[in-house]
Every structure is written in C-alpha cells, then in structure tokens.
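The primary structure of each chain is shown beneath.
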Amino acid sequence: MSTKWDTRFLGLAAHISGWSKDPSSQVGAVITEGNRIVSLGYNGFAAGVEDREERLADRDCKLNLTIHAEENAMIFAKRDLSGCTVYVTHPPCPRCASKLIQEEVRRIVHIAPSEDFLSRWSEDLKLSHEMYREAGIEIVSYELDSIDIDNAQVTVAPGGFFRAVLSRFLG
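Residues numbered from 1 in each chain as written. Predicted model: local features only at pLDDT ≥ 70, side-chain atom pairs only at ≥ 80, totals over all residues. Heavy atoms only, no water.

Visitor: Looking at this structure, how should I read the side chain of S39?
Guide: For S39, the position within the fold is in strand 2 (residues 36-42). Only 3.4 Å separates the side chain of S39 from the backbone nitrogen of A77, close enough to count as a polar contact. Beyond its immediate sequence surroundings of up to four residues, S39 is in contact with A29, V30, I31, A73, F76 and A77. (Helix = DSSP H or I, 4+ residues; strand = E, 2+ residues; numbered from the N terminus. Polar contact = N/O pair within 3.5 Å; in protein donor to acceptor, adjacent residues only side chain to side chain. Contact = heavy atoms within 4.5 Å.)

And the structure:
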C-alpha cells in the first residue's frame with residue numbers, strides 16, 4: 001500500500017473518530033482490503049445502551065461500557081478479515097491487538113501516539129507490539145508531521161479528534 005492510500009485511510013479514520021461521544025478519547029478505525037473499504041468503526045457504547053453524561057464522565061464505568069473502534073469495525077465487517085489492513089487513529093491496546101491478530105489481519109497503520117498518550121499507555125503498547133511481532137503482523141506508524149496531505153488529497157470535515165490531528169489534516 002502506498003503512503004498516499006495510508007494517508008487517505010488515516011484521514012477517514014480521523015473523520016470517523018468525531019462520531020464518538022466519548023468526551024476524552026475519540027478513536028476511529030477503517031478496515032480495508034487493498035484500496036477497498038471493508039468496514040468502519042468508532043469507540044462507543046453498544047447499540048441501545050444509553051450514553052448518558054454521568055456514564056461518560058465516570059472513567060471506570062465508561063471503560064467497562066465502551067466498545068473500541070477496532071472492535072466495532074470488526075463486528076460490523078461481518079466477514080473474514082484475513083489479509084486486511086486496519087487504519088486507526090491510535091495504536092491498538094492489547095485487548096484489540098489480540099482480536100486483530102485472531103482475525104488474521106495483515107497490517108496495522110496508525111498515527112504515532114503523543115507523549116501524553118504514551119505516558120499513560122506505553123506498557124500496553126509494548127505488549128501489543130510484542131504480540132504483533134510474534135504473530136508476524138506488519139505495523140506502520142506515521143508521525144503527524146510526516147503525513148503528506150497534499151499528495152493524498154485528503155479533506156476531513158471538522159470533528160472531535162485531537163485538534164492537532166485535524167489541523168494537520170485540514171492544512
């Protein structure tokens with residue numbers, strides 16, 4: 001896959017992240033096979049479960065009720081994901097990494113995490129990367145400043161994802 005397509009699908013994942021109602025962590029995921037979109041997902045509560053403000057504000061409650069973006073994209077795909085690529089706005093946690101490995105995805109592409117994100121989740125990400133290495137999954141991480149949005153012709157509507165990401169994608 002080319003950097004142009006990686007950038008396009010990361011841009012789409014950033015756009016989709018804005019659909020999440022989570023006030024602190026909005027994550028988007030896109031699953032592709034080649035240049036074709038297989039499925040999309042964002043983090044949120046299960047269909048029919050009320051995303052009331054007090055639940056979203058209670059971190060423990062929110063974490064227990066939230067389906068991650070990668071999980072939602074896998075659920076909605078309703079097909080075999082062997083050989084697919086997953087584009088996600090954040091590096092997948094070990095819980096999602098194990099599911100992606102079990103689905104036999106070939107490649108995971110994400111935006112490099114911020115220092116703030118790493119300060120909270122670096123140990124989890126190390127575990128995810130160890131599992132990817134053992135399973136032979138390719139990981140690609142793009143530093144925000146290295147994303148060439150002009151070449152990829154990315155246009156992203158404003159959403160709830162990190163302002164730095166949106167400002168980078170919007171130029």
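Once the structure has been displayed, the description carries forward.
Visitor: Help me out: how do you make sense of the pattern of salt bridges in this one?
Guide: A side chain with one charge may pair with a side chain of the opposite charge, provided their charged atoms come close. Per the stated rule, a full pass over the model turns up 12 salt bridges. Between R95 and E71 there is a salt bridge, and its shortest N-O distance comes to 3.0 Å. One end of the pair, R95, is in helix 5 (residues 94-102); the other, E71, is in helix 4 (residues 69-77), with 24 residues separating them in the sequence. In this structure, E123 engages K126 in a salt bridge whose closest nitrogen and oxygen atoms are separated by 3.2 Å. Within this pair, E123 and its partner K126 are both found in helix 6 (residues 115-135), separated by 3 residues, close to a single helical turn. Note on accessibility: E123 and K126 belong to one class, exposed. Via salt bridges that share partners, D6, R106, R107 and E138 belong to a single interconnected network. (Salt bridge = Lys/Arg side-chain N within 4 Å of Asp/Glu carboxyl O. Buried < 20%, exposed > 50% of the residue type's maximum accessible area, 1.4 Å probe, protein only.)

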